[in-house]
Every structure is written in C-alpha cells, then in structure tokens.
Amino acid sequence: MTRVGVAVPAAGSGRRMGGVRKPFLELAGRPVLEHALRPFLADERVVAVVVALSTADSDDPPAWLTALDPRVGIVEGGQSRGASVARAIDALPHDLDVIAVHDAARPLVSPETVAACIDVAAAGDGAVAGCPAVDTMKTVDAEGWIDATPARARLWHAHTPQVFPADALRRAYASGHEDATDDAALAEAIGVRVRMIDDGGVNPKVTRPHDVVVAEALLRARGDGA
Ligand code: C5P
C-alpha cells in the first residue's frame, strides 16, 4: 500500500484574524486543526502526520492534539509557511511514497478530495485541490492600477491539500522555498507535472474573521458539529 506522510503548517501568527491562535479556534465544537486533520487520519494510507506549530504552542501543545492519534507528531514551525512546511517534511519518516501538505486553516477539506489527490500522487504526478475562478481576476501594479485581465476560463484557485511523490516534493523544497505561497509552485519550478483536483470550492482557508462564520455554517450544514 502507498505510504503517505502529511505535513501540516499551523504556525501562522493569525495576523489577519487579530492575532487569534487559529488552529485552536473552535468551530462547531472542535478545533480548526482537528477538523483539518480528521480526513487524513481516516485514510489508511496515511502513516505519519507532522504538525508545525508556533514556538509557544510546540513547547506546550494542547492535550487533545497529543492524544489525537499515535501517527501525529509536532515540530516547531518557521518564519514563513514554506519554512514551516520544510521543517515538517524533514520530520516525516524517510521511506514515504507520497507527501501531502495541508494548511491547518482549511477545516472543511473532504475525505474524497484527500483521497483523489493522494491517488494522483501515488501514480507519479502532483495534485492540488482547488476550484475554477468564478470571479473575473485582475493583475495590478503596486498602486492597484489594473495591468491585465487574464482569461478566466483557465484560472483556478489553489487550495490544499497539495500532494506529490515524496522524492519530488523533497527535491522541490531543497531548491529553496522562501517566496513560495504554495507547494506546487516549487514542484512546478523543478518540472513536476501537477494537476488541479476540483474540491467544489467548499474548502475555504479560515483567514479573516468572517471566514469563521462561513466555515462554521458549512460544517454544521454538513452535520459535522455539536
Ligand atoms: O499565511 P497563510 O494564510 O498562507 O498560511 C497558510 C498556512 O500556513 C496556515 O495554516 C498557517 O498556520 C501556516 N503558516 C505556518 N508558518 C508560518 C506562516 C503560516 O505554518 N510562519
């Protein structure tokens, strides 16, 4: 069976949420991070999960997290998302076939999306959960003046999980990760073929205060709440 490891960056400062420790915020009766981990822990191919937490949280992790599942480990994150992912990848076992990266801030990811992405990576390519753009997108200069309107039909939002053959992701991260806002960009840069997997858009990143309201409503509508 394919051996899958999961790297979960959860060391953000929560700046856009007013400094809230987002992974531990409760949504529908459970922490955001627990919602984000459950669909991975439910996949029997997942043999290890490493969560990158802020320094304070990794020094004193919550009891529910350490008790959640024997496959879950914790490392101290870094100054950027990329640095946190790099540390989590380093802490995963070395004999994996596939590595998935999933933002702790995406509590709505479905088991079907997780499985579909792992299937693509197990077959040798990269996979990124996301959805086609529904809004027209603009590129702008530093002052906000539009400089181009790319054709919407070929634009997608990139979410997580982002899942790759393990050796490809390790090579991608070895080539530097400082400016990357996602993992696929690094894999693309070294020539890995990556495809988008449609998650239906129901996989938001809990980033701003109103995202909490939306995520909680979606969890409850799915019957995943108290
Ligand atoms: O900042 P951004 O929204 O891209 O964060 C995505 C994910 O990366 C979040 O789950 C956040 O906790 C994590 N992150 C991290 N270490 C950082 C910055 C962000 O693990 N230094």
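Just above, that's the structure.
Summary of the structure given here. (Residues numbered from 1 in each chain as written. Predicted model: local features only at pLDDT ≥ 70, side-chain atom pairs only at ≥ 80, totals over all residues. Heavy atoms only, no water.)

Focus: the pairing of strand β1 (residues 4-10)
- Summarising burial for β1: seven of the seven residues are buried, a large majority.
- Residue alternation in β1 divides its side chains into two sets, Val4, Val6, Val8 and Ala10 and Gly5, Ala7 and Pro9, and both sets are buried.
- Relative to strand β4 (residues 46-53), β1 runs parallel, the two being bridged by seven bridges. Considered in β4, the bridge of Gly5 is made with Ala48.
- Relative to strand β6 (residues 98-101), β1 runs parallel, the two being bridged by four bridges. (Buried < 20%, exposed > 50% of the residue type's maximum accessible area, 1.4 Å probe, protein only. Helix = DSSP H or I, 4+ residues; strand = E, 2+ residues; numbered from the N terminus. Pairing = 2+ DSSP bridges.)

Here's the deal with unusual backbone geometry
- The linkage connecting Thr160 with the following residue, Pro161, adopts the cis geometry, with an omega of 10 degrees.
- As for its position among the elements, Pro161 is in strand β10 (residues 156-165).
- Of note, the phi angle at Ala28 is positive, near 50 degrees, even though the residue is not glycine.
- On the secondary structure map, Ala28 appears in the loop between β2 (26-27) and β3 (30-31).

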